[in-house]
Amino acid sequence: FFASKYMSISSIKEINSTVYQKDFLKTTYILKAKIKSPKNFYDLIDALKNYKSLLRIYFPIDFIKNKENIDLTVKLEHYKLKK
């Protein structure tokens, strides 16, 4: 998974998957992960320009301090061409 380079992923929960504008498959997820600093998350956002599919990230993004890590929870949508 692309994001694992930037964070330690705890869980990815698929919410739903639908056809979007007849040519794309849109899948919605809730991602929970641990990061060392918010910079890790923003580095991921910056790296998405090189990702082969389109991701939409929703606000609010939950950052909760947990000892030396930050627990991150974010809703995202993944778009890819239908086969």
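Note that this is a predicted model, so its numbers are computed, not measured. (Residues numbered from 1 in each chain as written. Predicted model: local features only at pLDDT ≥ 70, side-chain atom pairs only at ≥ 80, totals over all residues. Heavy atoms only, no water.)

What about the overall build of the protein chain?
Here is step 1: Within the protein chain, the secondary structure is distributed over one helix and five strands.
Here is step 2: Helices and strands in the protein chain line up, N terminus first, as β-β-α-β-β-β.
Here is step 3: Overall, the C-alpha framework of the protein chain stretches about 45 × 25 × 20 Å when taken along its three principal axes.
Here is step 4: A total of 83 residues make up the protein chain; the buried ones form 30% of that total.
Here is step 5: Taking as baseline every contact in the protein chain between residues at least 6 positions apart, the subset at least 24 positions apart corresponds to 55%.
Here is step 6: Per element, the accessible surface of the protein chain, about 5900 Å² overall, is 54% carbon and sulfur.
Here is step 7: Distance from the positive charge centre (17 side chains) to the negative charge centre (8 side chains) of the protein chain: 4 Å. (Helix = DSSP H or I, 4+ residues; strand = E, 2+ residues; numbered from the N terminus. Buried < 20%, exposed > 50% of the residue type's maximum accessible area, 1.4 Å probe, protein only. Contact = heavy atoms within 4.5 Å. Areas by Shrake-Rupley, 256 points an atom, 1.4 Å probe, with all protein chains shown as cover. Lys, Arg positive; Asp, Glu negative; His and termini not counted. Charge placed at Lys NZ, Arg CZ, Asp CG, Glu CD.)

Considerations on the confidence of the model for the protein chain
Here is step 1: When pLDDT is averaged across the protein chain, the result is 91; 99% of the residues are at 70 or more.
Here is step 2: Mean pLDDT in the protein chain bottoms out at strand β3 (residues 54–57), which sits at 88, and peaks at strand β2 (residues 24–35), which reaches 95. (pLDDT = per-residue confidence, 0-100.)

Some points on the pairing of β2
Here is step 1: Sheet analysis places strand β1 (residues 8–20) next to β2, joined by 11 bridges and oriented antiparallel. Bridging across to β2, I12 finds its partner in L31.
Here is step 2: Where β1 folds back onto β2 in an antiparallel hairpin, the turn is made up of three residues, including Q21, whose phi is positive at roughly 50°.
Here is step 3: Alignment of β2 against strand β5 (residues 69–81), held across 12 bridges, turns out to be antiparallel. Each bridged residue has a counterpart across the sheet, and for T27 the counterpart in β5 is H78. (Pairing = 2+ DSSP bridges.)

Quick notes on unusual backbone geometry
Here is step 1: Residue P60 is bonded to the preceding F59 through a cis peptide linkage, with omega at 5°.
Here is step 2: When you line up the elements, P60 lands in the loop between β3 and β4 (62–66).
Here is step 3: Even without being a glycine, K67 presents a positive backbone phi close to 55°.
Here is step 4: With a relative accessible area of 70%, K67 lands in the exposed category.

Some points on the pattern of salt bridges
Here is step 1: Applying the stated criterion across every chain yields a total of five salt bridges.
Here is step 2: Among the ionic pairs, E77 bridges to K26, the shortest N-O distance being 3.8 Å. Taken together, the positions of E77 in strand β5 and K26 in strand β2 put the pair 51 residues apart, joining distant regions of the chain.
Here is step 3: A relative accessible area of 19% places K26 in the buried class.
Here is step 4: Put simply, D43 and K39 hold a salt bridge, and the shortest N to O gap is 2.9 Å. Taken together, the residues span about one helical turn, with D43 and K39 both in helix α1 (residues 38–47) at a distance of four residues.
Here is step 5: By relative accessible area, which is 53% here, K39 ends up exposed.
Here is step 6: Each of K26, R56 and E77 takes part in a single network of salt bridges with overlapping partners. (Salt bridge = Lys/Arg side-chain N within 4 Å of Asp/Glu carboxyl O.)

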